[in-house]
Amino acid sequence: MALEGLANGIFRAIGRLKGRRRLDEEELKDMLRSLRRALQEADFNVRQTKEITDRLEERIRNEEPRPGITLQTHAMNILYTELVRMLGPAREIRPHGATIMMVGLYGQGKTTTTAKLAEWYRRRHSLKVAVIEADVHRPGAYAQLKQLLEDSSVEVYGEPDEKDASAIVRRGLAKHAAADVVIVDTAGRHRLDEELVEELKQMSDLMNASERFLVIDAQVGQAAGPVAASFNELVDVNGVIVSKLDGTARGGGALSAVAATGAPIVYVGTGEKVADIEKFESDRFISRLLGMGDIQGLIDLAPEDLDEEEAMRLTERMMSGRFTLNDMYKQMEMMSKVGTVDRLLSFLPANMFGGMGAMGKAQKEGMQQNLEKYRVIMDSMTNHEKDDPLCLKAERIRRVAHGAGVKEKEVRELIAQWNRSKKMMKGMSGNRKLSKQMRQMMKSGDFDDMQNMGM
Ligand SMILES: Nc1nc2c(ncn2[C@@H]2O[C@H](COP(=O)(O)OP(=O)(O)OP(=O)(O)O)[C@@H](O)[C@H]2O)c(=O)[nH]1
Ligand SMILES: [Mg+2]
């Protein structure tokens, strides 16, 4: 997960409140100091760090947690609100009909992000997408973009030998006039100099770009602020994409510094692969960071071949408290389609699956291997057994193990896993606030009120 260090730091600080009803002066100071350190390590600046910790201190001193809410949850909720406020409201992008110009300094991830966005719009919005490579300075830019999209039906336009970027854009736009959305990758620079400014302005005018997306590497931390501000002034950036959030401890600083300039963060990059992009909405992002889960993000993550209706049916059943081995099987099937378990778990509340969200890396890898094995075992079961795993006593277990070519112990493990998942599902369906929200969400098809469910 991105910003893992920050999350751990916050958990360490707020974790001191676990099981406590109040704090003495020294404990409170200790907790705030530890939180301050976590924020600073994530490269939040001094002012932002102070703002957040001051607010927390004030509210912990003066507010009683609502009845039934522990001091720890109370503190988490305060932090949630403060961080969301700091990162600002989301901006909705309507890609249909858009012409998008990508801008940014050298090596920030423009070309990679161009491919990521193209795939995102093709997959998530079912749009016909074309990309144009207009970087005439970086050798091999066209080949790079082409390669990133080699498995995709996105059209890649480029003229590797042409030196005039505007000419490429003009011809590319003409050729792909029928595309629903066109994304143009441009050249980077060492810094924003006159020449680049001219080139960008010219190109922006030429393509009449409806979106001007600035790509900034999260690694630069707070320095992302001035970069965003200067690009903003020149080409009126209307969306910032913070890339490489996966590879740095300083991402918190980059995000907060960009937000402070007033330019909305619209996506974040979380890896080198084309699929490693996420829509950025501060509330959902922070909710995940603080282990509260992000259901919409989970749905966004699902690949196109995931049966959404099936996912809904499954959710409904989960909420009803009924959960057969078949349900778990389907759930696992979805998980394996989504990609790594690790990625999936980062979207779930930390206490889901009996704390699986907080599993170590080795444990998570272990789980991935288990998925395969469980699948084989279940294939040896009758439907009745999958519906009602409790009927699996010694003799049936022996038969299933034999059929699947595994040890009996492994069949028992599967049943134990199902038992744990079932308990967790029960816990969720017992959470009335959550069930109500889930049901409403399913009825209205509006997922936005799923945020901060406080599971
Ligand atoms: N880990 C990680 N790496 C990324 C991400 N986005 C881009 N990269 C890597 O960063 C490097 C530079 O990315 P490019 O897309 O070539 O950057 P660029 O801005 O087009 O670079 P120039 O065209 O040279 O200015 C590549 O090695 C990418 O794989 C990300 O979100 N996470
Ligand atoms: Mg490039």
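Residues numbered from 1 in each chain as written. Chains lettered and ligands numbered in written order. Predicted model: local features only at pLDDT ≥ 70, side-chain atom pairs only at ≥ 80, totals over all residues. Heavy atoms only, no water.

Asker: So what about the overall build of the protein? Which residues, and what values?
Answerer: Within the protein, the secondary structure is distributed over 20 helices and 8 strands. Within the protein, buried positions represent 53% of all 455 residues. Of the accessible surface of the protein, which amounts to about 21,500 Å², a share of 47% is contributed by carbon and sulfur atoms. (Helix = DSSP H or I, 4+ residues; strand = E, 2+ residues; numbered from the N terminus. Buried < 20%, exposed > 50% of the residue type's maximum accessible area, 1.4 Å probe, protein only. Areas by Shrake-Rupley, 256 points an atom, 1.4 Å probe, with all protein chains shown as cover.)

Asker: Got a sec to walk through the confidence of the model for the protein? Specific residues and values, please.
Answerer: Per-chain confidence: the protein averages 82 in pLDDT, with 78% of residues scoring 70 or above. The least confident element of the protein, judged by mean pLDDT, is helix α20 (residues 432-444) at 51; the most confident is strand β2 (residues 129-133) at 98. For residues 441-455, every residue scores under 50 in pLDDT, and the model assigns this stretch 34 contacts once sequence neighbours within four places are set aside. (pLDDT = per-residue confidence, 0-100. Contact = heavy atoms within 4.5 Å.)

Asker: Break down the site of ligand 1 for me, citing the residues and quoting the values.
Answerer: Around ligand 1, the structure places 19 residues, and the nearest of them are Lys110, Thr111, Thr112, Arg138 and Asp246. With respect to ligand 1, the backbone of Lys244 contributes an N or O atom lying 2.9 Å from an oxygen atom. Separating a nitrogen atom of ligand 1 from a side-chain N or O atom of Asp246 is a distance of 2.7 Å. Contact with the protein chains removes 82% of the 650 Å² of surface that ligand 1 exposes when unbound. Sorting elements by how many residues they give to the shell around ligand 1 places helix α5 (residues 110-124) first, with 4 residues. (Near = heavy atom within 4 Å. Polar contact = N/O pair within 3.5 Å; in protein donor to acceptor, adjacent residues only side chain to side chain.)

Asker: Could you give an account of the packing of helix α9 (residues 224-235) against helix α10 (residues 251-260), with specific residues and numbers?
Answerer: Relative to each other, α9 and α10 sit at 35 degrees, their axes nearing to 7 Å. Two packed elements cross with a definite hand, and for α9 against α10 that hand is right-handed. Between α9 and α10, the residues in contact are Ala224, Gly225 and Ala228 and Ala254, Ala257 and Val258, respectively. The class makeup of the residues in the contact of α9 with α10 is 5 nonpolar, 1 polar and no charged. (Axes fitted to C-alpha atoms, helices over the stretch in contact; angles between N-to-C directions. Left-handed = near helix turned anticlockwise from the far one by under 90°. Nonpolar A, V, L, I, M, F, W, Y, C, P; charged D, E, K, R; others polar.)

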